[in-house]
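Topology and contacts: notes
Chain by chain, the residues run as shown.
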Amino acid sequence: MLDITPTQRFSSRVGNYARCRPSYPPEIIEILRQECGLTSDSVLADVASGTGIFTRLLLQHGNPVYAVEPNQAMREAGDAYLANYPAFTSIEGTAESTTLPNASVDLVTAAQAAHWFDRERALEEFQRILKPGGYLALIWNDRRKDATGFDREYEQLLENFGTDYEEVKRRDNDSMHFFGAIPHQTRTLRNFQDFDYASLEGRLLSSSYTPQAGHPSHDPMLVELRRMFENHQKSGLVRMEYDTKLYFGQLVSGEGSAGRTL
């Protein structure tokens, strides 16, 4: 088993992550407004904020946002990306120890990240930093694995060449139950990216379970990726499709992930 330590897995992939990972549908903001009481005055904590892809959507809504990120390289990339937003505050911290004050935020968000959290400890921490009546929102861009021939071949590529892809998939599946017995709602939105070959390669190499340069599987993987691209490209582009999953619920103080007293 390879090292699954979450806080350092992306250190060598920051550039590709920032350039080639998908953003999130702006409709998420309207859902948070309608369902979680989000206003432009709400104070937000975006936990495991990474390079700031989702954080930017929150800042564009006008919110003050604490971006909590443990990985220095990812955090520095996010700091540079979001430097022009005066309501942005960068915090070195984790989901389990954000360093934020008690009852200091109205909404906690985590995009493409909660599968790496220690669930029980993170929920305790979120309840600590949330104001009474505060909400938690978890977001994933879930790549569609069977929508098109390209999607199916890309999934097979990961199965064939991924270093610990099966373990990461297991974590992804487990994270869908993050709320446990806490009442919550789910929304699914469509999302996609169009790639030329260079950006498709960057997207592949942004994933923590793909072999990097120097690994014996790296070059054969890229040969197969190029073949796939040439077979499926139209006007020099291929499309990767996603279901963006949004899970949200109110965290009531004193209840754990299974609805029991902490």
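Read on for an overview of the structure. (Residues numbered from 1 in each chain as written. Predicted model: local features only at pLDDT ≥ 70, side-chain atom pairs only at ≥ 80, totals over all residues. Heavy atoms only, no water.)

**A short note on the sheet that holds strand E3 (residues 88-91)**
Definition in use: Pairing between strands requires that DSSP locate at least two bridges from one strand to the other. Strands are runs of DSSP state E lasting at least two residues, helices are runs of H or I lasting at least four, and both sets are numbered from the N terminus onward. Each axis is a line fitted through C-alpha atoms, taken for helices only over the stretch in contact, and angles between the N-to-C directions span 0 to 180 degrees. Only heavy atoms matter for contacts: two residues are in contact if any of them lie within 4.5 Å across the pair.
If you walk across this open sheet you meet the seven strands as E3-E2-E1-E4-E5-E7-E6, and the pairing is mixed. Of all strands in the sheet, those bounded by a partner on one side alone are E3 and strand E6 (185-195). On average, each strand axis in the sheet is inclined to that of its neighbour by 20°, with strand direction left out of account. Direction of pairing for E6 relative to strand E7 (residues 238-250): antiparallel, over a ladder of 11 bridges. Along E7, the bridge assignment pairs Phe 192 with Glu 241. Helix-sheet contacts for helix H5 (residues 119-129) involve strand E1 (44-47), strand E4 (105-111) and strand E5 (130-143), and the interaxial angle to E5 is about 135°.

**Some remarks on the pattern of salt bridges**
Side chains that differ in sign of charge can pair as their charged atoms come close. The line we're drawing: The salt bridge criterion pairs a side-chain nitrogen of Lys or Arg with a carboxyl oxygen of Asp or Glu, the two atoms within 4 Å. Burial classes: relative accessible area under 20% of the type maximum marks a residue as buried, over 50% as exposed, and values in between as partly exposed (1.4 Å probe, protein chains only).
In total, this model carries 17 salt bridges according to the counting rule given. When the shortest N-O distance is used, the salt bridge between Arg 152 and Asp 146 registers 3.3 Å. For Arg 152, a relative accessible area of 42% gives the class partly exposed. Between Arg 190 and Glu 241 there is a salt bridge whose closest N-O contact spans 2.6 Å. Of this pair, Arg 190 sits in strand E6 while Glu 241 sits in strand E7, and the two are 51 residues apart along the sequence. A relative accessible area of 53% places Arg 190 in the exposed class. Assessed through its relative accessible area of 16%, Glu 241 is described here as buried. Where salt bridges share partners, they join Arg 144, Arg 190, Glu 241 and Asp 243 into one cluster.

**Let's talk about H5**
Among the residues of H5, those classed as buried are Ala 122, Leu 123, Glu 125, Phe 126, Gln 127 and Ile 129. Where H5 is buried, its residues meet E1, E4 and E5.

**Regarding the pairing of strand E2 (residues 65-68)**
Test applied: We call a crossover right-handed when, viewed with the strands running away from us, the connection from the first strand over the helix to the second turns clockwise.
Summarising the sheet, E1 and E2 pair through four bridges and their orientation is parallel. Pairing of Val 47 across the sheet is with Val 68, part of E2. Taken together, E1, helix H3 (residues 53-60) and E2 form a β-α-β motif whose crossover is right-handed. Note: E2 against E3, four bridges, orientation parallel. Counted as the bridge partner of Ala 67 is Ser 90 from E3. Following the chain from E2 across helix H4 (residues 72-81) to the adjacent parallel E3, one finds a crossover that is right-handed.

**Here's the deal with the side chain of His 115**
Filter applied, for reference: Polar contact is the term for a pair of N or O atoms within 3.5 Å; when the atoms are in protein, one must be able to donate a hydrogen and the other to accept it, and sequence-neighboring residues count only if both atoms are side-chain atoms.
Take His 115: it is sitting in the loop between E4 and H5. Relative accessible area serves as the criterion here: at 9%, His 115 is assigned to the buried category. Of the polar contacts made by the side chain of His 115, one reaches the side chain of Trp 140; its length is 3.0 Å.

**So, the nonpolar core**
Our working definition: Nonpolar core, defined: a set of buried Ala, Val, Leu, Ile, Met, Phe, Trp, Tyr and Cys residues in which side-chain atoms within 4.5 Å join the residues together.
In terms of nonpolar packing, the biggest core is built from 26 residues, with Val 108, Phe 117, Phe 126, Leu 136, Leu 138 and Phe 178 touching the most fellow members. Those elements that place two or more of their residues in this core are E1, E4, H5 and E5. In terms of nonpolar packing, the next biggest core, distinct from the first, is built from 25 residues, Ile 29, Ala 67, Leu 246 and Phe 248 among them.

**What about the packing of aromatic side chains?**
Basically, it comes down to this: Note on aromatic contacts: the rings of Phe and Tyr and the six-membered ring of Trp form a pair at centre separations within 6.5 Å, being stacked when their planes are under 30 degrees apart, edge-to-face when over 60 apart, and tilted otherwise. A ring is considered to have a charge above it if a Lys NZ or an Arg CZ atom is located within 6 Å of its centre and within 35 degrees of its normal.
Taken as a whole and assessed by the stated rule, the structure comprises seven aromatic pairs. Arranged with centres 6.2 Å apart and planes meeting at 75°, the rings of Phe 117 and Phe 126 form a pair that is edge-to-face. In this structure Phe 117 comes out as buried when scored by relative accessible area, which is 13%. Judged by centre distance (6.0 Å) and plane angle (40°), the ring pair of Phe 150 and Tyr 154 falls under tilted. Taken together, the positions of Phe 150 and Tyr 154, both in helix H6 (residues 149-161) and four residues apart, correspond to about one turn of that helix. Judged by relative accessible area, Tyr 154 falls into the buried class, the value being 2%. Members of the aromatic cluster, connected to one another through ring pairs, are Phe 117, Phe 126 and Phe 178. The residue whose ring lies beneath Arg 226 is Tyr 197, and the NZ or CZ to ring-centre distance is 3.8 Å. Of note, Arg 239 hangs over the ring of Phe 192, and the distance from its end group to the ring centre comes to 3.7 Å.

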